[in-house]
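Overview (structure and organization)
The residues making up each chain are set out below.
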Amino acid sequence: MKYDVVIVGSGPAGSVTARFAAEAGAKVLILERRAEVGIPVLCGEGISQRVDNWDMLEGKRWVASKMDGAKIYAPDGTLVTLSKEIAGNETGYVVYRDIFDQELARRAAKAGAKIMMRAEVTGLTKEGEKITGIKVRQFNEEFDVEADVVVGADGVESKIGQWAGINTVLKPDDLETCAQYTLTNVDYKSDYAEFFIGKKIAPGGYVWIFPKGKDIFNVGIGILASLSEPGMPLKLLDKFITSHPKLKKGEPIRVLAGAVPVARPVETVRDNLLLVGDAARHADPITGGGLTTALEGGKIAGETIGKAVEDQKFDKETLSVYEAGWKEAFAKKLLRNYVVKDIMLDFDDKTLNMLADSLKDYKFEEFSTLSLVKALVLKHPTLLMKLKPLLRLSEKSTKKE
Amino acid sequence: MGKPKAKVDEKECLACGGCISVCPQDAVSMCGGRAFVTEDKCIFCGICIKTCPVGAINEED
């Protein structure tokens, strides 16, 4: 079996890479370990409405609800609001991630990509040092797939990078360990994403409540793994829900565990190989959001591969067009938010309360973490001194965020 | 008696992959939709045990 490109993982980054590579004329195979694309869902399911401008998803079947903004609650309950009315630009959707992923896979298939299910990748094949494809196990059969390019779209637990000599191991302070319930029959009306921060609520992370339409809500928690104990996310989430006047009357229709990289991006390119999405650590270190970067990065990866196939050149230098592309698109934002994450970790609950109090009536210029960070630096220049040079750096790319 | 090792309770594991991403020894893999520790590689650093959001990884002698 020989393909131009074999993509390990049918999540958003994998499917979008597949689509754009196939549209550029490449012969593409996607391998998926699971029995169904998009299932089980491992996600809070929030995404920016910027996705509307990208021609990634057709129809609206993947949209569960629209959100009008975000409410952030400090440990003492002080509320900071980023709303559509104030910001005037797009905010967010809550999506059905299973339908979302299946829609992206459909676009890949439409472009000509092949998909193989229940196919577990067990290693890379090499001729000397050169990567020539992958080893696969499927329904108790083992076989090799030859390819000029191998794409690791294998998520937070990525093995592809490590097999190619890229160190993708996450330090415990670069991983959020998560749990989430989808609750039904909740007698509560909210059009906002709600976030709750504080050492007692979620050490090094936050609790989120995303309205999913009707009386359904995604309620989840992320805790920094270095501050967590075995089972802590689920325990603290249970505690949060039972002490919440509205949520405690809801019943779960889904429970999930999750893991989100909140790290610096890694090297993403080798001869004959590249990494996309969570495997490339392309998730926002403050919010943990990784969908938009997976889509943006996947498109750049697919286009780069398309060109490589046309030129029949698959060395690191040729594929580095992808690395330069995602760096241009979102590296500054990820690096800046990584520094913000580090600074925020040093703040105790009292400081968080004070910061929230200073922003409770603030008119944010747009709906983004950048406008939140800018406001904080404006109000507390000494406290956030380390951020100043980074903000100036990122001014140029503000419009893209 | 050997050194203790990490062991995944496969009935409890929800396959989030967090343990795999933090293992410094590449000792954890996904196997049949559940995390699985390769004993020979495990150095019992305990990082995966602490990381598991549902407490599905335990110490085993």
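Everything in this summary refers to the structure shown in the same document. Note that the structure is predicted; figures quoted are calculated from it, not measured. (Residues numbered from 1 in each chain as written. Chains lettered and ligands numbered in written order. Predicted model: local features only at pLDDT ≥ 70, side-chain atom pairs only at ≥ 80, totals over all residues.)

**Considerations on the overall build of chain A**
Across its full length, chain A carries 10 helices and 18 strands. Relative to a compact globule of 401 residues, whose C-alpha radius of gyration would be 21 Å, chain A shows 21 Å and is just as compact. Viewed in the frame of its principal axes, chain A has a C-alpha envelope of about 60 × 45 × 40 Å. Burial analysis of chain A (401 residues in total) assigns 51% to the buried set. In chain A, 71% of the contacts between residues at least 6 apart in sequence involve partners at least 24 apart. (Helix = DSSP H or I, 4+ residues; strand = E, 2+ residues; numbered from the N terminus. Rg over C-alpha atoms; globule rule 2.2 N^0.38 Å. Buried ≥ 20, exposed ≤ 12 C-beta atoms within 10 Å, placed from the backbone. Contact = placed C-beta atoms within 7 Å.)

**Describing the sheet that holds strand β7 (residues 92-95) of chain A**
Residue and element names in this part refer to chain A. Sheet architecture is open: 3 strands sit in the order β3-β7-β4, paired in antiparallel fashion. Each end of this open sheet is capped by a strand with a single partner; those strands are β3 (46-48) and β4 (63-67). Sheet twist, expressed as the mean angle between neighbouring strand axes with direction ignored, is 30 degrees. Relative to β7, β4 runs antiparallel, the two being bridged by 4 bridges. (Pairing = 2+ DSSP bridges. Axes fitted to C-alpha atoms, helices over the stretch in contact; angles between N-to-C directions.)

**Considerations on the packing of helix α6 (residues 291-311) of chain A against helix α7 (residues 316-345) of chain A**
All names here are of chain A. Running from N to C, α6 and α7 point in directions that differ by 155 degrees, and their axes come no closer than 9 Å. Here α6 lies roughly antiparallel to α7, going by the angle between them. In the packing of α6 onto α7, the handedness of the crossing is right-handed. Where α6 abuts α7, its residues T293, E296, G297, I300, A301, T304, A308 and D311 lie against T318, L319, V321, Y322, G325, W326, A329 and F330. Residues belonging to the contact of α6 with α7 are distributed by class as follows: 9 nonpolar, 5 polar and 2 charged. (Parallel < 35°, antiparallel > 145°, perpendicular 65-115°, else oblique. Left-handed = near helix turned anticlockwise from the far one by under 90°. Nonpolar A, V, L, I, M, F, W, Y, C, P; charged D, E, K, R; others polar.)

**A closer look at the sheet that holds strand β13 (residues 192-196) of chain A**
All names here are of chain A. With mixed pairing, 7 strands are arranged side by side in an open sheet as β6-β5-β13-β14-β15-β12-β16. Where the open sheet ends on each side, the last strands, each with one partner, are β6 (79-83) and β16 (251-261). Taken over all neighbouring pairs, the strand axes of this sheet differ in orientation by 15 degrees on average, direction set aside. Where strand β5 (residues 69-73) lies against β6, 5 bridges are found, and the strand directions are antiparallel. Opposite G69, over in β6, you have S83 as the bridge partner.

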